Amino acid sequence: AAQFGRDCWAVAEANEIVEREREQQERGIRVLRKDKPVEAVFESATAFTPRALQMLNSPLDPGRVETLTVSGASIPYLPGHDVIRTANEIFGFGNWGFELVGQPWAERGEKDAKTFTVWMAMGRLNVRGGRSFADIGTNQQSGPGAPATEMSAKGAVTDALKRCLMHYGDQF
């Protein structure tokens, strides 16, 4: 088993993330200390407007759900473009962001004498005035070659984004 030391890239990235979050928190505290009514501070410092909260608390529209058939089984899912459009509608353009925490990576395995590759990506979601969430997305590679590798890596990133957004409710 690998040992994590001070020079490990994961430890360095974790320290950078903690420092960025500390700076964001300090900026938020400075904004709150200004002589403004509380409503004005929160309206300017957050993406969580009354309309956004109402949308987040609304039930999911079943018309947004698509179905993927894998090995004869139907799997419901929300497409990535729909989730991004919905986040823009709820939080507003520029009020949320997603970043990869490191590069996507692949794990190979074997099941029933068949080799498979699963791509994984870790991402972090930030919404202005809200908590940040990190999660890992996965996507199984569907075939050999560069196009399949590219689609699988992108699928893992999109899955990470969707998994981060689902912390904000049923719209995701």
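Residues numbered from 1 in each chain as written. Predicted model: local features only at pLDDT ≥ 70, side-chain atom pairs only at ≥ 80, totals over all residues. Heavy atoms only, no water.

Asker: What should I look at first to understand the overall build of the chain in this one?
Answerer: Of regular secondary structure, the chain possesses five helices and six strands. The order of α-helices and β-strands along the chain, N terminus first, is α-α-α-β-β-α-β-β-β-β-α. Evaluated residue by residue, the chain yields a buried proportion of 30% over its 172 residues. Considering only residue pairs separated by 6 or more positions, the chain has 51% of its internal contacts joining residues 24 or more positions apart. When the accessible surface of the chain is summed, it comes to about 11600 Å², and 54% of that surface belongs to carbon and sulfur atoms. (Helix = DSSP H or I, 4+ residues; strand = E, 2+ residues; numbered from the N terminus. Buried < 20%, exposed > 50% of the residue type's maximum accessible area, 1.4 Å probe, protein only. Contact = heavy atoms within 4.5 Å. Areas by Shrake-Rupley, 256 points an atom, 1.4 Å probe, with all protein chains shown as cover.)

Asker: Before we go on, may I ask you to explain the nonpolar core in this structure?
Answerer: Judged by nonpolar contacts, the single largest core of 19 residues is most densely connected at F91, L125, V127, L165, Y168 and F172. In terms of residue count, the dominant contributor to this core is helix α4 (residues 80-91) (four residues). Residues contacting F172, with those up to four places away along its chain left out, are L56, L78, V83, T86, A87, I90, F91, K162, L165 and M166. (Core = buried A, V, L, I, M, F, W, Y, C linked by side-chain atoms within 4.5 Å.)

Asker: Could you clarify how one ought to interpret the packing of aromatic side chains in this entry?
Answerer: Describing an aromatic ring pair means giving the distance of the ring centres and the angle of the ring planes. Summed over all chains, the structure comprises five aromatic pairs. Ring geometry for F48 and F91: centres 5.6 Å apart, planes at 75 degrees, overall edge-to-face. One end of the pair, F48, is in the loop between α2 (38-45) and α3 (50-56); the other, F91, is in helix α4, and 43 residues separate them in sequence. Since its relative accessible area comes to 2%, F91 is described here as buried. Arranged with centres 6.4 Å apart and planes meeting at 15 degrees, the rings of F91 and F172 form a pair that is stacked. Of this pair, F91 sits in helix α4 while F172 is found in the segment after α5 (146-165), placing the two residues 81 residues apart along the sequence. An aromatic cluster is defined as three or more aromatic residues linked by ring pairs; in this entry it consists of F48, F91, F133, Y168 and F172. (Phe/Tyr/Trp six-rings, centres within 6.5 Å; stacked < 30°, edge-to-face > 60°.)

Asker: So what exactly am I meant to see when it comes to the side chain of T46 here?
Answerer: As for its placement among the helices and strands, T46 is situated in the loop between α2 and α3. A distance of 3.0 Å separates a polar side-chain atom of T46 from the backbone nitrogen of F48. Within polar-contact distance, the side chain of T46 engages the backbone oxygen of R128 at 3.4 Å. When sequence neighbours within four positions are dropped, the list of residues in contact with T46 reads R128 and G129. (Polar contact = N/O pair within 3.5 Å; in protein donor to acceptor, adjacent residues only side chain to side chain.)

Asker: Mind showing me how you'd approach the side chain of R64 here?
Answerer: Relative to the assigned elements, R64 resides in the loop between α3 and β1 (66-70). Within the structure, R64 has its side chain in polar contact with the backbone oxygen of Q171 (distance 2.7 Å). The residues contacting R64, other than those within four sequence positions of it, are Y77, L78, P79, D82, R85, T86 and Q171.

Asker: I'm lost on the pairing of strand β2 (residues 73-77) in this one. Help?
Answerer: The two faces of the sheet receive side chains in turn, since in a regular strand these alternate between them. In the sheet, β1 pairs with β2 via five bridges, with the strands oriented antiparallel. Following the sheet pairing, T69 is matched in β2 by S74. Remark: two residues form the turn of the hairpin made by β1 and β2, two consecutive strands paired antiparallel; S71 in that turn has positive phi of roughly 50 degrees. (Pairing = 2+ DSSP bridges.)

Asker: Explain α4 here, please?
Answerer: Counting along an α-helix, one turn takes 3.6 residues, and residues three or four places apart therefore face a common direction. If you check α4, its first and last C-alpha atoms are 16 Å apart, about what twelve residues at 1.5 Å a residue would give, namely 16 Å. Three or more residues of α4 are buried, namely G80, D82, V83, T86, A87, N88, I90 and F91. Of the surrounding secondary structure, the elements contacted by the buried residues of α4 are α3, β3 (96-100), β5 (114-127) and α5. G92 sits one or two residues past α4 and shows a positive phi near 95 degrees. (Expected span 1.5 Å × (residues − 1).)

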